[in-house]
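Single-letter residue listing:
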Amino acid sequence: MIKKVKLSKFNGEICENLYADVCYITASKFEDITNLYNKVNDTIDNKNWLKFRDQLYLMDVLDKGGFIIGCYIEETLVASALCELPSGDYLDYLYEMGLTEEEINSSYVSGYVMVDPLYRGNALHKILLETRIEESIIRGKNYIVTAVATENIFSLNTVIKLGFEIKLQKTNEYGISRNVLIKQLVNPCEQEIEFTA
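What counts, and at which threshold
- Residues numbered from 1 in each chain as written.
- Predicted model: local features only at pLDDT ≥ 70, side-chain atom pairs only at ≥ 80, totals over all residues.
- Heavy atoms only, no water.
- Helix = DSSP H or I, 4+ residues; strand = E, 2+ residues; numbered from the N terminus.
- Rg over C-alpha atoms; globule rule 2.2 N^0.38 Å.
- Buried < 20%, exposed > 50% of the residue type's maximum accessible area, 1.4 Å probe, protein only.
- Contact = heavy atoms within 4.5 Å.
- Areas by Shrake-Rupley, 256 points an atom, 1.4 Å probe, with all protein chains shown as cover.
- Lys, Arg positive; Asp, Glu negative; His and termini not counted.
- Charge placed at Lys NZ, Arg CZ, Asp CG, Glu CD.
- Phe/Tyr/Trp six-rings, centres within 6.5 Å; stacked < 30°, edge-to-face > 60°.
- Pairing = 2+ DSSP bridges.
- Axes fitted to C-alpha atoms, helices over the stretch in contact; angles between N-to-C directions.
- Polar contact = N/O pair within 3.5 Å; in protein donor to acceptor, adjacent residues only side chain to side chain.
- Expected span 1.5 Å × (residues − 1).
- Arc of directions from axis to C-beta.
- pLDDT = per-residue confidence, 0-100.

Caption draft 1: The arrangement of the overall build of the protein chain in detail. Of the regular secondary structure elements, the protein chain holds six helices and eight strands. The order of α-helices and β-strands along the protein chain, N terminus first, is β-β-α-α-β-β-α-α-β-α-β-α-β-β. Relative to the 2.2 N^0.38 estimate, which gives 16 Å for 197 residues, the radius of gyration of the protein chain is 17 Å and therefore close to what a compact globule would have. Taking the principal axes of its C-alpha atoms as reference, the protein chain extends roughly 50 × 45 × 30 Å. Across the 197 residues in the protein chain, those meeting the buried criterion constitute 46%. Considering only residue pairs separated by 6 or more positions, the protein chain has 67% of its internal contacts joining residues 24 or more positions apart. Taken as a whole, the protein chain presents about 11100 Å² of accessible surface, with 49% of it coming from carbon and sulfur. Across the protein chain, the centroid of the 20 positively charged side chains sits 4 Å from that of the 29 negatively charged ones.

Caption draft 2: Layout of the packing of aromatic side chains. For the structure shown, the criterion picks out six aromatic pairs. Their ring planes at 85 degrees and their centres at 6.2 Å tell us that Y24 and F67 sit as a pair that is edge-to-face. Highlighted residues: Y24 in strand β2 (residues 13-24) and F67 in strand β3 (residues 67-73), separated in sequence by 43 residues. Take Y24: its relative accessible area is 37%, and that puts it in the partly exposed class. With a relative accessible area of 2%, F67 lands in the buried category. In textbook terms, an aromatic cluster arises when at least three aromatic residues are bridged by ring pairs, as seen for Y24, F67 and Y108.

Caption draft 3: The arrangement of the sheet that holds strand β6 (residues 143-149) in detail. As summarised here, the arrangement of the eight strands in space is β1-β2-β3-β4-β5-β6-β8-β7, forming an open sheet in which the pairing is mixed. Edge positions in the sheet fall to β1 (3-10) and β7 (165-171), since each has one partner strand and no second. Pairs of neighbouring strands in the sheet enclose a mean axial angle of 25 degrees, with direction left out of account. Sheet analysis places β1 next to β2, joined by seven bridges and oriented antiparallel. Bridging across to β2, K9 finds its partner in I14.

Caption draft 4: Here's a closer look at the environment of T131. Locating T131 in the fold gives a position in helix α5 (residues 124-138). It is 9.6 Å that separates the C-alpha atoms of T131 and C23, two residues lying 108 residues apart in sequence. Once residues lying within four places of it in the same chain are set aside, the contact partners of T131 are I2, K3, V22 and I69. One polar contact links the side chain of T131 to the main-chain carbonyl oxygen of I127, over a distance of 2.7 Å.

Caption draft 5: Here's a closer look at helix α1 (residues 30-43). Taking 1.5 Å as the rise per residue, α1 with 14 residues should run 20 Å; its terminal C-alpha atoms sit 21 Å apart, in good agreement. Within the span of α1, buried status applies to F30, I33, T34, L36, Y37, V40 and N41. Axial view of α1: buried residues confined to an arc of 165 degrees, hence all on one face. Exposed residues on α1 whose side chains face more than 90 degrees from its buried face are E31 and D42. In the core, the buried residues of α1 are packed alongside α2 (55-63), β3, β4 (76-84) and β5 (107-115).

Caption draft 6: Focus on the confidence of the model for the protein chain. In the predicted model, the protein chain carries a mean pLDDT of 92, and 94% of its residues have values of at least 70. Low pLDDT, under 50, characterises residues 191-197; the stretch is placed with one contact to residues that sit more than four places away or in other chains.

Caption draft 7: Region of the structure containing unusual backbone geometry. Positive phi is not limited to glycine here, since E74 has a value of about 55 degrees. Of note in this structure, Y112 is not a glycine but carries a positive phi near 50 degrees. For Y112, the position within the fold is in strand β5.

Printed below as a string of structure tokens:
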């Protein structure tokens, strides 16, 4: 387990004594991700906002040095997200942003964020993104890049509030216009300390 978080809402109603565990998701729990995808996909208007990732894709994320995190209430996965090494379009985006080869090698792509509709309103997107930032710093990464559909205002606001900057606007293969954002990570231990006399 990475950390325990207190939640305050279930199905839009205020509740007490609701706690969740944020932890790494390993291959043995990939079916939980598929089940969560099905719940989320059933409730979103635009099915192209969230692309399905099968178990081979998820295994590839882990095998290549990425990680997947989830938020569990008891045995039920209620939110998940991943960080993976840049490839495909994301690699092109990073080059277009002017990152060097060294900076690209020190980057993660953050995505595949899902929150169970029954647990929306608990800032789980924010909690998972903060956790991915912390874990990326621990793993020595200097940048995280992500893409958010321009119409997805709630997700976009969350990402911007956590220090991501919009660098590009691209249309994906489904015709969805997306903002591509990047955040430079700063390890607090490596920041210069200013001494005042």
